[in-house]
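# Observations on the three-dimensional arrangement
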Amino acid sequence: MTNLAVSDRTATASGPRLDIDLDAVARNTRLLADRAAGELMAVVKADGFGHGAVDVARTALAHGATRLGVTSLDEAWTLRDAGLGVPLLSWLNPVDADFALAAERDVDVAVPSAQHLSAVAVAPGRSRVHLHLDAGMARDGADPAAWGTLCRAARRAEQRGEVEVVGVMGHLGCADDPDDECNTLGRTRFAWALETARAAGLRPRDRHLAATAATLTDPRSHHTMSRVGAGLVGIDPSRSTRLHPAMTLTAPVVQVRRVRGGTPVGYGHSHRTAVATHLGLVPLGYADGLPRLASGRAEVLVRGVRRPVVGRISMDQLVVDLGERGVDPGETVTVFGPGTHGEPTVAEWATWADTIEHELVTGIGARVERRTLAVPHLRSLS
Ligand SMILES: *Cc1c(COP(=O)(O)O)cnc(C)c1O
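Residues numbered from 1 in each chain as written. Predicted model: local features only at pLDDT ≥ 70, side-chain atom pairs only at ≥ 80, totals over all residues. Heavy atoms only, no water.

Our focus in this paragraph is the side chain of Thr-345. With respect to the helices and strands, Thr-345 occurs in the loop between strand S18 (332–336) and helix H11 (346–352). The residues contacting Thr-345, other than those within four sequence positions of it, are Phe-336, Gly-337, Pro-338 and Gly-339. (Helix = DSSP H or I, 4+ residues; strand = E, 2+ residues; numbered from the N terminus. Contact = heavy atoms within 4.5 Å.)

Rendered as structure tokens:
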């Protein structure tokens, strides 16, 4: 691996630690920028999918992304406060959000309804807006039935100098399965929405529908820009492409105990040791983002060997069956990582917990120490 300012993990381990590999983010960004037909917007909502919004943003911008995207305006302020001056879009705001400050701080806002349009239009300043279509999820974005009216109202607001309609956006509901019919419907709806906007006199130069999965699998959805989040941090919802996971979660074994066969472990005694063994206690639990649902299924890597997590994962701790020989207290357990040394991946944890990788990486708790590795924009990448 290509860690720069990193010392030996085992030697420096103290408590649980989350290492963020920005070099992985850099490589993922370059791959996605290569695949995208248009510009690449780095989506760094939810603190950059748990990897650090500002770090991921800076890295992505140094490696092919040209813009940033977030859900809330609060997330947008964080990026502006950090000195990031690139085009920035926020797409999920209540009608009483501070659209005046958005205009002042040069933050584009998505407009999903007539009420939002009015709120943006009356706010001081000339806001740059992206009209947001619901392309078939009944979630965020305008109902297609309201789209024509919204486009015409937006054109009037533009002619009054209140807004500038720079974009039209949509989002696909089933892009993780490229063969799903719903993608065809979404693309068709989006094409219709663009025509409708044009017929209303609008000339949106940013037309964007694809997120990570469609960027990797569906060139017909690319238009002028792709909005990618998961892919930056190594998650490919379409499972079509090898990306580089950017998180490694480690923790020390705090206690090792030798037990007899038949020893019940953890709350509810959901597990009993089959034979005499060593149990290692790891100070990570569901409060730290390891789902209780993974109890009895999950594994971790200890001394290069996969070991099962036994008994219930509790709030602060989990127990690992270390086998006949055990390990010393203080040795490091790798909970997940890129998988390059045999450790479980976030994707495996997601399977064990009946969820998706996104939920795990955005859910690592606050008491896990974070360390961000590498300064990728100072390196040239192969
Ligand atoms: C989260 C989000 C994205 C990014 O999606 P990924 O699959 O993580 O790339 C793009 N657009 C919208 C509207 C989103 O909410």
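Turning our eyes to something else, we now look at the environment of His-116. With respect to the secondary-structure elements, His-116 resides in helix H7 (residues 114–122). Judged by its relative accessible area of 13%, His-116 is buried. Sequence separation between His-116 and Leu-88 is 28 residues; the distance between their C-alpha atoms is 18 Å. Non-local contacts of His-116, meaning those with residues more than four positions away in its chain, are made with Asn-93, Pro-94, Val-95, Phe-99 and Val-111. Within the local environment of His-116, its side chain forms a polar contact with the backbone oxygen of Asn-93, the two atoms lying 2.8 Å apart. (Buried < 20%, exposed > 50% of the residue type's maximum accessible area, 1.4 Å probe, protein only. Polar contact = N/O pair within 3.5 Å; in protein donor to acceptor, adjacent residues only side chain to side chain.)

As a further point, take the packing of aromatic side chains. Inspection of every chain in the model, using the stated rule, returns 1 aromatic pair. Taken together, a centroid distance of 5.6 Å and an interplanar angle of 75 degrees make the contact between Trp-349 and Trp-352 edge-to-face. Taken as a pair, Trp-349 and Trp-352 lie in helix H11 at a separation of 3 residues, close to a single helical turn. Trp-352 sits in the buried class, given a relative accessible area of 13%. The lysine or arginine in question, Arg-227, covers the ring of Trp-91, its NZ or CZ lying 5.9 Å from the ring centre. (Phe/Tyr/Trp six-rings, centres within 6.5 Å; stacked < 30°, edge-to-face > 60°. Lys NZ or Arg CZ within 6 Å of the ring centre and 35° of its normal.)

In this section: the site of the ligand. Around the ligand, the neighbouring residues are Lys-45, Phe-49, Trp-91, His-171, Ala-211, Thr-212, Arg-227, Val-228, Gly-229 and Ala-230. One of the side-chain N or O atoms of Trp-91 is found 3.4 Å from an oxygen atom in the ligand. Residue Arg-227 places a side-chain N or O atom 2.9 Å away from a nitrogen atom belonging to the ligand. Surface burial for the ligand is 91%, taken as the share of its 380 Å² of free accessible area covered by protein chains. Those elements that provide at least two residues to the shell around the ligand are helix H3 (45–50) and strand S9 (225–228). Partitioning the shell around the ligand into residue classes produces 5 nonpolar, 3 polar and 2 charged. (Near = heavy atom within 4 Å. Areas by Shrake-Rupley, 256 points an atom, 1.4 Å probe, with all protein chains shown as cover. Nonpolar A, V, L, I, M, F, W, Y, C, P; charged D, E, K, R; others polar.)

What follows concerns the state of the cysteines. The full count for this structure, using the stated rule, is 1 disulfide. Cys-174 shares a disulfide with Cys-182; S-S distance 2.4 Å. In this structure the cystine formed by Cys-174 and Cys-182 twists about its S-S bond by roughly 100 degrees; its chirality is therefore right-handed. Across the pair, exposure class does not vary: Cys-174 and Cys-182 are buried alike. (Disulfide = S-S within 2.5 Å.)

So, on to the domain arrangement of the protein. Many descriptions give the size of an interface as the accessible area lost when the pieces come together. What the domain assignment lists for the protein is domain 1 (3–17 + 246–373) and domain 2 (36–233). A straight line from the C-alpha centre of domain 1 to that of domain 2 covers 38 Å. Residue-level contacts link 7 residues of domain 1 with 7 residues of domain 2. Both faces combined, the contact of domain 1 with domain 2 buries some 560 Å², and carbon together with sulfur accounts for 63% of it. Across the contact surface, domain 1 and domain 2 share 0 salt bridges. Run the count over domain 1 and domain 2 and you get 2 residue pairs in polar contact (both at pLDDT 80 or more). Residue assignment for the side of domain 1 that touches domain 2 shows that the elements contributing at least two residues are helix H12 (357–361) and strand S19 (369–373). In terms of residue class, the side of domain 1 that touches domain 2 is built from 3 nonpolar, 3 polar and 1 charged. (Domains from an automatic or database assignment. Buried area = accessible area lost by both parts, 1.4 Å probe. Salt bridge = Lys/Arg side-chain N within 4 Å of Asp/Glu carboxyl O.)

A few words now on the nonpolar core. Counting residues in each nonpolar core, the largest one holds 106 residues, and the members touching the most others are Leu-79, Leu-131, Trp-147, Leu-249, Val-335, Phe-336 and Trp-349. Sorting elements by how many residues they give to this core places helix H8 (residues 144–159) first, with 6 residues. Counting only domains with at least three residues in this core, you end up with domain 1 (3–17 + 246–373) and domain 2 (36–233). Among residues more than four places away in sequence, those in contact with Leu-79 are Val-44, Ala-53, Val-54, Ala-57, Leu-68, Val-70, Leu-84 and Leu-88. Ranked by size, the runner-up nonpolar core spans 6 residues in total, among them Val-259, Leu-279, Leu-281 and Val-319. (Core = buried A, V, L, I, M, F, W, Y, C linked by side-chain atoms within 4.5 Å.)

This next bit is on the sheet that holds strand S11 (residues 255–259). Spatially, 9 strands are ordered S11-S14-S17-S16-S15-S18-S10-S1-S19 in an open sheet, and the strand pairing comes out mixed. Of all strands in the sheet, those bounded by a partner on one side alone are S11 and S19. Across this sheet, the average inter-strand angle for adjacent strands is 35 degrees, counted without regard to direction. In the sheet, strand S1 (residues 17–21) pairs with strand S10 (residues 247–252) via 4 bridges, with the strands oriented antiparallel. Paired with Leu-18 across the two strands is Leu-249, which belongs to S10. Against the sheet, helix H2 (residues 22–35) engages S1 and S19, with an angle of about 35 degrees to S1. (Pairing = 2+ DSSP bridges. Axes fitted to C-alpha atoms, helices over the stretch in contact; angles between N-to-C directions.)

A complete count under the given rule lists 24 salt bridges for this structure. A salt bridge links Arg-17 to Asp-19; the nearest nitrogen and oxygen atoms lie 3.1 Å apart. By relative accessible area, which is 1% here, Asp-19 ends up buried. In this structure, Asp-288 engages Arg-367 in a salt bridge whose closest nitrogen and oxygen atoms are separated by 2.6 Å. On the criterion of sequence distance, the pair formed by Asp-288 in the loop between strand S14 (277–282) and strand S15 (299–302) and Arg-367 in the loop between H12 and S19 is long-range, its members being 79 residues apart.

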